[in-house]
Amino acid sequence: MRGCASDRTELRPLRVVSADGAEADLLLSLPTSARTGVLWLPALGVTARNYHGFVAALADEGIACALHEWRGAGSSDRRASRECDWGYQELLDLDIPASLGAVREECPDLRWIIAGHSLGGQLATLFAALNSQAVDGLVIAGSGSPYWKVFRGWMRSALFLMPLIVRAVTAVSGYYPGKQLGFAGRESRGLMRDWARTARSGCYARYGKDRDSERALRDFSKPVLGIRLSEDRLCPEASLDWLLAKTPHAPTERVLLAPGDFSSGLADHFSWLKDPQPIAASVAKWLQGID
């Protein structure tokens, strides 16, 4: 297994260049016992380094992991501005394929699962559906659709208004200043407008080069694991249901993790990043079931 001998604590950076020249570091953890690798897509506005603990927990389970870095974040050489813009299309057609190609070259004998947290889970789902032969399965954790109609209370109202806010703010600024607005980071206007389109309609546009995204989702039939955190208000059960319903032909397993499953006593959208072992154990158990 070329290039796969490594101490589990080592995270090796691999500089990945997309087809349009965008660059970012892919962080690799490659335990010698690994048979499966997970290409992990972070949440919106979250850099890859925030998942180091999760990678170590996966390594304890004998699972390799490659931490993808979003364009515009962390080690990426791009930053969102009026002159520098991108959306889901660039992420799906350029950046994720570059990362997956890099890890397959490094470890050609591993099978690779694509997985993600929050927005990363949505994009992992889209990529898997549009490129079903490229991955052996899909894991989404703390993720779901942002469709406003499946939420309740203040979140329902906020998501109903967000498309209008995103459109207005990005028109003025040329990008989305998430830190100032209290949601996400410095994001490109195209990315946030794509996100807002799904929040408004519950659907995904035609992101495939020659296929409709919604049809590709309906046709997807690889194994899927959906992990939900019981106190996750950003991705409640109905949000996960809406996303998983888009892949009706995929054999799907669900795991619900509650506060008692974590040593921290917390089970919300971000708390598990500091206490990742239950998520890693859920992934490991699911992988054993699809061997």
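Everything numeric in this text was worked out from a predicted model, so none of it was measured. (Residues numbered from 1 in each chain as written. Predicted model: local features only at pLDDT ≥ 70, side-chain atom pairs only at ≥ 80, totals over all residues. Heavy atoms only, no water.)

**With respect to the packing of helix 2 (residues 88-106) against helix 6 (residues 189-201)**
Turning to step 1, where the next piece is worked out: The interhelical angle for the contact between helix 2 and helix 6, taken along N-to-C directions, is 105°, at an axis separation of 7 Å. With respect to each other, helix 2 and helix 6 are oriented roughly perpendicular. In contact with Y88, Q89 and L91 of helix 2, helix 6 contributes L191, D194 and W195.
Turning to step 2, where the next piece is worked out: Along the lines of polarity and charge, the residues of the contact of helix 2 with helix 6 split into four nonpolar, one polar and one charged. (Axes fitted to C-alpha atoms, helices over the stretch in contact; angles between N-to-C directions. Helix = DSSP H or I, 4+ residues; strand = E, 2+ residues; numbered from the N terminus. Parallel < 35°, antiparallel > 145°, perpendicular 65-115°, else oblique. Contact = heavy atoms within 4.5 Å. Nonpolar A, V, L, I, M, F, W, Y, C, P; charged D, E, K, R; others polar.)

**Description of the packing of aromatic side chains**
Turning to step 1, where the next piece is worked out: Scanning all chains against the criterion turns up nine aromatic pairs.
Turning to step 2, where the next piece is worked out: With a centroid separation of 5.9 Å and an interplanar angle of 55°, the aromatic rings of W40 and Y51 are classed as tilted. Placement of the pair is W40 in strand 3 (residues 36-41) and Y51 in the loop between strand 3 and helix 1 (52-60), with a sequence separation of eleven residues.
Turning to step 3, where the next piece is worked out: Ring geometry for Y51 against W272: centres 6.1 Å apart, planes inclined by 50°, an arrangement best described as tilted. A residue pair is termed long-range when its members are at least 10 positions apart, and Y51 in the loop between strand 3 and helix 1 and W272 in the loop between strand 10 (252-257) and helix 9 (277-289) qualify at 221 residues.
Turning to step 4, where the next piece is worked out: We classify W272 as buried; its relative accessible area is 0%.
Turning to step 5, where the next piece is worked out: Taken together, the ring pairs in this structure connect W40, Y51, F54 and W272 into an aromatic cluster.
Turning to step 6, where the next piece is worked out: The aromatic ring of Y175 is capped on one face by R186, whose charged end is 3.8 Å from the ring centroid. (Phe/Tyr/Trp six-rings, centres within 6.5 Å; stacked < 30°, edge-to-face > 60°. Buried < 20%, exposed > 50% of the residue type's maximum accessible area, 1.4 Å probe, protein only. Lys NZ or Arg CZ within 6 Å of the ring centre and 35° of its normal.)

**Points about helix 9**
Turning to step 1, where the next piece is worked out: In this model helix 9 runs 18 Å from its N-terminal to its C-terminal C-alpha over 13 residues, within 8% of the 18 Å that 1.5 Å per residue would give.
Turning to step 2, where the next piece is worked out: The elements touched by buried residues of helix 9 are strand 3, helix 1, strand 5 (111-117), strand 6 (138-141), strand 9 (224-229) and strand 10. (Expected span 1.5 Å × (residues − 1).)

**Some details on the environment of L130**
Turning to step 1, where the next piece is worked out: Mapping L130 onto the fold places it in helix 3 (residues 119-130).
Turning to step 2, where the next piece is worked out: Its relative accessible area of 17% is what places L130 among the buried residues.
Turning to step 3, where the next piece is worked out: Residues L130 and S213, spaced 83 residues apart in sequence, show a C-alpha to C-alpha distance of 6.8 Å.

**Observations concerning a nonpolar patch on the surface**
Turning to step 1, where the next piece is worked out: On the surface, a nonpolar cluster with roughly 470 Å² of combined accessible area is contributed by F160, L161, L164, I165 and L181.
Turning to step 2, where the next piece is worked out: Relative to the assigned elements, L161 resides in helix 4 (residues 153-173). (Patch = residues over 30% accessible without salt bridge, like charges linked within 9 Å, V, L, I, M, F, W, Y side chains within 5 Å. Areas by Shrake-Rupley, 256 points an atom, 1.4 Å probe, with all protein chains shown as cover. Salt bridge = Lys/Arg side-chain N within 4 Å of Asp/Glu carboxyl O.)

Function-wise, these values are silent; they only describe arrangement.
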